[in-house]
Amino acid sequence: MPGKAYYLEFPRTDGSSTKWPLDKLDPTPVDNEVNFMRPIGREEALSLKWRTQIGQEVAKLLGHSDYNSYILKDFPEGYRFYHHNKGSVNEPRTDPYLYGAPSGRYRSPPEFIRHAYWLITDDTLNRQNCKCKYCGSSKQKQMEISQSLGIRSAATHNPNTIAPSTKPKVRLVAQPRKRGLSGNMLNPDRNSDLRASRRFRVAELVWCALSPPIQGEHEDERIEFWPGLVNEARLKSDVLPHEPGKAWRVVQSNVYKVKLLGIKHSYVLPETAALPYQAYGPSLGLIERLRNSGNPSLLQDRQRLSEFHPIPLGIEVESGPQAPFVDASTPFALAIQIAAHLVRMWTPTDEWKFHGEVRKASATTNTAPTAVERNETRHLGLWWGAERIWTDELVRLQPARAQVMPQGSPLIKRASPRSDARGLLMRINSIIALPEGVPKDYPRHCKVAGALYELADEAYEEEEPSEAPPAESYVSSGVAPAASLVIPGQMASTSSATMMDPSQTFKNGDDPGTDATPAEITPQRQSSDPPINANPYSFSLPKPPDGYKFRPILKTGSEIMLDVSLISGRYYPELLKHPLLENTVADANPNDARVSQLTALCGLLPGAVNSMECVDWASTRLGMIQHADETAQEDLFQHWHPPDVAMEVVNDDEGG
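Within each chain, residue numbers correspond to sequence positions counted from 1 in written order. In keeping with the model being predicted, local features are shown solely for residues with a pLDDT of at least 70 and side-chain atom pairs are shown and tallied solely at 80 or more, while totals for entire chains, interfaces and linings include all residues. The side-chain figures draw on all heavy atoms in the structure; neither hydrogens nor water molecules are used.

1. Thoughts on the sheet that holds strand E10 (residues 222-239)
Taken in spatial order, the five strands make up an open sheet running E12-E11-E10-E9-E13, and their pairing is antiparallel. Only two strands of the sheet have a single neighbouring strand rather than two, namely strand E12 (266-270) and strand E13 (274-276). Strand-to-strand, the axes of this sheet are offset by a mean angle of 45°, without reference to chain direction. Alignment of strand E9 (residues 205-215) against E10, held across seven bridges, turns out to be antiparallel. Considered in E10, the bridge of Trp-207 is made with Pro-227. Packed onto the sheet, helix H7 (residues 325-342) meets E9 and E10 and runs at close to 75° relative to E10. For two strands to be treated as a pair, DSSP must find at least two bridges joining them. Only DSSP runs of H or I covering at least 4 residues are called helices, and only runs of E covering at least 2 are called strands; the numbering of each starts at the N terminus. Interaxial angles span 0 to 180 degrees and are taken between N-to-C directions of axes, which are lines fitted to C-alpha atoms, for helices over the stretch in contact. The contact rule is simple, with two residues in contact once any of their heavy atoms fall within 4.5 Å.

See the structure below:
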């Protein structure tokens, strides 16, 4: 892959502004409810995310080996991207739609990929040649189209965003001298999660391996994993057989009690029998069988449905009894539907108040920085889809290394050799709530700030510091550091190698509540407070993949601030060595989509290859679970019943 990324452009279009929802642009609430379309700008995070995902998949269809380097320069002429805001004026539901096509609106990148490919390759614009969901004669289901493209289909969720604008910003890192804090800063769960060597955390969504699997009469009727929520994590000690004359040996391992979704049973299993939610997805064949074999009457009797147990008598050996597939199909369909809704949801947690000063340099002169008072609401953690995320830990980001100034800048180091196609990781320093004064029609969102890392070859030795001007030059000159960061960075069209127009780079201060100049956060510290460690991170980094090392790419004294929607999820070290995945990795073709998705969880591919797509906000984890359970019931009932039949939703008291 080259050290730069490339634009894909549309040579033709079928788009028309007559298809835009121009009659729904008024955000004025009626009876405290809103229902309007907000145009999404080209440089907003959601546009970036869609154009990156579509560009990469289209480049793959075009046969480009370095397809992860591509992004759409823009949507086709005559198309426009919108956020549909509907519901309570304070907490509206937000859904993205791409308008302009004669056949209708597109709701997700997978829906538009085939249409984009057709626009680029078919100069006749014969709609019968398009293989998207809405065109041609085949009228394939989107799940089938996604499966043919190798796109993960375990949870069919819209790649939405929480942010109206996400111009990333590099700034001077916080070096506190004073502190005035309010809120719970000592969370025992955070301390335990970050210090322990276990893979999963309480209330996270995981896949539990069934032993034996549930096998029906048809080859596709095979249930190998069941989704569940971790209720308890503990350390188990086993004494090995004793040899006379030798010391006793004790081996410790992680075990989990997992509440299976859709039913009332829990499952106690070792770490080797569970997978992260993003590491597995039911096959298309199994999903089609579930669609046609469910028992809708069970949805009206949750008590009876919840009695099903996927492992009768709790026997966990291959010779044990096996639950019939016909009995498992409805509760399993409900379970995976609950999971599909749960991974769309998010919320920040553990709020605390930051009271401090910001040191701002002048944008036009060399005068000394001035101090400005700032009060911020911050958080210690996030519920992000299936996962629990904390400050001070490493997370995967959507962009590839090649998309973030691979040639370097005054604040970002040049990419190390062969790192362009790999992922980017952030060690979160702070989670900052949306500032006051942002328009109410913007969805809830947060920003995250922290150190940025690439995965460099283990043998790589750092170049001399003279490769780029020092970060301090930005402070003395007053140039806004955000202009030095482009995501995606330096891109060209497929028809030429010309570099991106510098005027396309992100300009600082364009998003609500951000400063247009470099800033150093200086929290107010009371004389009675304990001394502050110069190192803001009190937890060590996890192990990098074999043959690689974590290389910080921001210049000393800087951190990056970006929107929370660019987080793909947690980083999973040594996942490819998991006993449930070793055979999949060893036997698969290197270009197999499943292997790429697993590799992305280890940071070796961009986070966008396998990412949480969190779009729905809830105030608590329990609220997420209850909402997912109720919505999943409604979904399945509507699928299995005529539209005129109503259903009374019965919530599972045990949370799924």
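Still more to cover.
2. So, the pairing of E12
Side chains Tyr-267 and Leu-269 project from E12 onto a buried face, and the interleaved Ser-266, Val-268 and Pro-270 project onto a face without burial. The sheet contact formed by strand E11 (residues 250-260) and E12 spans five bridges and is antiparallel. Bridged to Lys-257 within E12 is Val-268. Between the antiparallel neighbours E11 and E12 lie five residues, among them Gly-262 with a positive phi of about 85°. Residue burial is assigned from relative accessible area. The probe radius is 1.4 Å, only protein chains are included, and a residue is buried under 20% of its type maximum, exposed over 50%, and partly exposed in between.

3. Topic: the packing of aromatic side chains
Centre distance within 6.5 Å is the pairing criterion for rings of Phe, Tyr and Trp, where only the six-membered ring of Trp is used; planes under 30 degrees apart are then read as stacked, over 60 as edge-to-face, and the remainder as tilted. Tallied over the entire structure, the rule returns 17 aromatic pairs. For the ring pair Trp-226 and Phe-308, a centre distance of 5.9 Å and an interplane angle of 25° mean the geometry is stacked. Here Trp-226, found in strand E10, pairs with Phe-308, found in the loop between helix H6 (302-306) and H7; they are 82 residues apart in sequence, far enough to count as distant. Considered together, Trp-226 and Phe-308 belong to a single accessibility category, that of buried residues. One aromatic cluster in this structure is built from Tyr-79, Tyr-106, Phe-112 and Tyr-134. We call a charge positioned above a ring when the Lys NZ or Arg CZ atom is no farther than 6 Å from the ring centre and deviates by at most 35 degrees from the ring normal. One Lys or Arg, Arg-105, reaches over the ring of Tyr-97 and ends 3.9 Å from the middle of that ring. In this arrangement the basic side chain of Arg-388 is found over the ring face of Trp-390, its NZ or CZ atom lying 3.9 Å from the centre.

4. Considerations on the side chain of Arg-388
For Arg-388, the location among the structural elements is in strand E16 (residues 387-390). Polar side-chain contacts of Arg-388 include one of 2.8 Å to the side chain of Thr-349. Throughout this description, a polar contact denotes any pair of N or O atoms lying within 3.5 Å of each other; where both atoms belong to protein, one of them has to be capable of donating a hydrogen while the other can accept it, and for residues adjacent in sequence the pair is counted only when both atoms sit in side chains.

5. Topic: the pairing of strand E17 (residues 394-400)
Burial of E17 is extensive: seven of the seven residues sit out of reach of the surface. Where E17 meets strand E18 (residues 423-433), four bridges bridge the pair, whose relative direction is antiparallel. Bridged to Val-395 within E18 is Met-426. Of the pairings in the sheet, the one linking E17 to strand E24 (residues 567-570) comprises three bridges and is antiparallel in character. The partner of Val-395 across the bridge, within E24, is Arg-570.

6. Digging into the pattern of salt bridges
Each salt bridge in this description consists of a side-chain nitrogen of Lys or Arg and a carboxyl oxygen of Asp or Glu lying within 4 Å of one another. Under the criterion given, the structure shown has 31 salt bridges. The shortest N-O distance in the salt bridge between Glu-307 and Lys-264 comes to 2.7 Å. Of this pair, Glu-307 sits in the loop between H6 and H7 while Lys-264 sits in the loop between E11 and E12, and the two are 43 residues apart along the sequence. Of the charged contacts in the structure, one is a salt bridge between Lys-353 and Glu-351, with a shortest N-O distance of 3.4 Å. Here the salt bridges do not stand alone but share partners, grouping Arg-401, Glu-454, Glu-462 and Arg-551 into one network.

7. Examining the nonpolar core
Counting residues in hydrophobic clusters, the biggest one holds 88 residues, and the most contacted among them are Leu-205, Ile-214, Ile-223, Trp-226, Met-426, Leu-452 and Ile-567. With ten residues, H7 is the single largest residue contributor to this core. When residues no more than four places from it in sequence are discounted, the contact partners of Ile-223 are Leu-210, Pro-213, Ile-214, Leu-286, Phe-325, Ala-328 and Phe-332. Take the buried Ala, Val, Leu, Ile, Met, Phe, Trp, Tyr and Cys residues and link them wherever side-chain atoms come within 4.5 Å; each set so joined is a nonpolar core. Ranked by size, the runner-up nonpolar core spans 27 residues in total, among them Trp-50, Ile-54, Val-58 and Tyr-70.

8. Considering H7
Expected helix span is computed as 1.5 Å times (number of residues minus one). Taking 1.5 Å as the rise per residue, H7 with 18 residues should run 26 Å; its terminal C-alpha atoms sit 25 Å apart, in good agreement. Note on bend: at a given residue it equals the angle between the axes fitted to the 7 residues ending there and to the 7 starting there. Of all the bends in H7, the greatest, near 30°, is centred on Pro-331.

9. Some thoughts on empty space enclosed by the protein
Computed over the protein atoms alone on a 1 Å grid, cavities are sets of points where a 1.4 Å probe fits but cannot get out and pockets are open sets with protein on both sides within 12 Å along at least five of seven lines; a residue lines them when it has an atom within 4 Å of a point. Grid points are joined across faces, edges and corners, and a volume is the space filled by probe spheres set on the points. In the structure shown here, the tally under the stated rule is five cavities of 30 Å³ or more. Within this model, the largest cavity holds a volume of roughly 70 Å³. If you trace the largest cavity, you find ten residues lining it, with Leu-48, Lys-49, Thr-52, Gln-398 and Pro-399 closest to the centre. Of all elements in the fold, only helix H1 (45-61) and E17 reach the threshold of two or more residues within the lining of the largest cavity. With four residues, H1 is the single largest residue contributor to the lining of the largest cavity.

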